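These are the residues of each chain, in order.
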Amino acid sequence: MLTLRVRSITYEAEGIRSFELVDPDGKDLPAFEAGAHIDVSVPGGLTRQYSLCDSPGIRTHYRIAVLEDLAGRGGSKAMHAGLRAGDMLNVSVPRNLFPLKKGAQHNVLLAGGIGITPLMCMVDQLQQDRQSFELHYCTQKPERTAFRSRLQSLVAGDKAFLHHDGGDPKNGFDIAAKLEKYEEGMHLYFCGPPGFMKAVRNAAAHWPEHAVHYEYFGVDPALSAKLESSAAEGVQIRLAKSDKLINVEPGQTILAAIRQAGVECESSCESGMCGTCKVRYFSGKPEHNDYVLTEEEKSEYVLVCCAGTGTETLLLDL
Ligand code: FES
């Protein structure tokens, strides 16, 4: 855990502020890779994940950008209303669940709204590595488009493209047309709100799995509802290392049941988006509700913060 000082807060666009975080003694911060995020203990006691959006070579500060979500669970509101320059903030060291693949022939980066944050960092890395890329950044209107000045030269050089739909996705960027043609060596990276993610995933359904990379942010309301109903049956899980048999009560997540039994299990987002709670399983048929595991991984691992137990006893490698 790091305790950092908020050195500055910058208005980036309507509803979006960025926070520059530094070591209070001016020391270099732990290095990070493009796509990395930090867990932030936001004022009021919540923990939220925010992508680092400045260049990965920079060690003097971390920058995160936060969209104030008035309908959200309170994390972004607390960041906007509860923080002033000079305040201290506890954050984790950077972790990367959304890394760039080396040696791609061409990289297609698609951002929806505040989903631009990890892609800003990737763009810097790709430029440094002289890699081929194009960035498409979809927002409602220019006023809600963060980092416009930073992207200016890329826009002028036809490397970045800003798309505004005026609030109606039908008037927006034609994602399906962009992704229609897949060629060997291409890689796709995307991040944005649930509707945007669904549109991109559908449009890239014919791309090979190894070429498609994404990161969710915010909780999909459909997932929240699923989490509640999937844990509703109340079944048992067994922990292989201790041979403990644990009841998962109706409405309880597997993660909560494990912890209630006194067994430690790491977690972060608790929404199926970060992969921190990944656990191997040996038998049973979990209902996967996450956004992280590939189809191949699902036969071996389960994200216990959001998975349903299924009807058979689940045997976990814990
Ligand atoms: S804690 Fe993030 S996916 Fe489970």
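Residues numbered from 1 in each chain as written. Predicted model: local features only at pLDDT ≥ 70, side-chain atom pairs only at ≥ 80, totals over all residues. Heavy atoms only, no water.

J.: How should I be thinking about the pattern of salt bridges in this particular structure?
T.: Proximity of charged atoms lets side chains of opposite charge pair with each other. Counted under the stated rule, the structure contains 16 salt bridges. One salt bridge connects Arg150 with Asp124, and the closest N-O pair in it is separated by 3.1 Å. Separated by 26 residues along the polypeptide, Arg150 in helix H3 (residues 148-156) and Asp124 in helix H2 (residues 116-128) bring together distant segments of the chain. Between Asp317 and Arg280 there is a salt bridge, and its shortest N-O distance comes to 3.7 Å. On the criterion of sequence distance, the pair formed by Asp317 in the segment after strand E16 (314-316) and Arg280 in strand E14 (residues 278-283) is long-range, its members being 37 residues apart. Three or more residues are tied together by salt bridges with common partners; here these are Asp54, Arg63, Asp124 and Arg150. (Salt bridge = Lys/Arg side-chain N within 4 Å of Asp/Glu carboxyl O. Helix = DSSP H or I, 4+ residues; strand = E, 2+ residues; numbered from the N terminus.)

J.: Explain the sheet that holds strand E2 (residues 16-22) to me, please; I cannot follow it from the model alone.
T.: Hydrogen bonding along the main chain pairs the strands of a sheet, whether they run parallel or antiparallel. The strand order E4-E3-E6-E1-E2-E5 describes an open sheet built from six strands, whose pairing is antiparallel. With one partner strand each, in any of the chains shown, strand E4 (47-51) and strand E5 (62-67) form the two edges of the open sheet. Across the sheet, the mean angle from the axis of one strand to that of its neighbour is 45°, orientation sign disregarded. The sheet contact formed by strand E3 (residues 37-41) and strand E6 (residues 88-91) spans two bridges and is antiparallel. Residue pairing across strands places Ser41 opposite Asn90, the latter belonging to E6. (Pairing = 2+ DSSP bridges. Axes fitted to C-alpha atoms, helices over the stretch in contact; angles between N-to-C directions.)

J.: When you look at the sheet that holds strand E13 (residues 244-247) in this model, what are you seeing that I'm missing?
T.: The mixed open sheet is built from five strands, whose spatial order is E13-E12-E16-E14-E15. Of all the strands in the sheet, the pair left with one neighbour each is E13 and strand E15 (301-303). Across the sheet, the mean angle from the axis of one strand to that of its neighbour is 40°, orientation sign disregarded. Note that strand E12 (residues 236-239) and E16 share three bridges and pair parallel. Paired with Leu239 across the bridge in E16 is Leu316.

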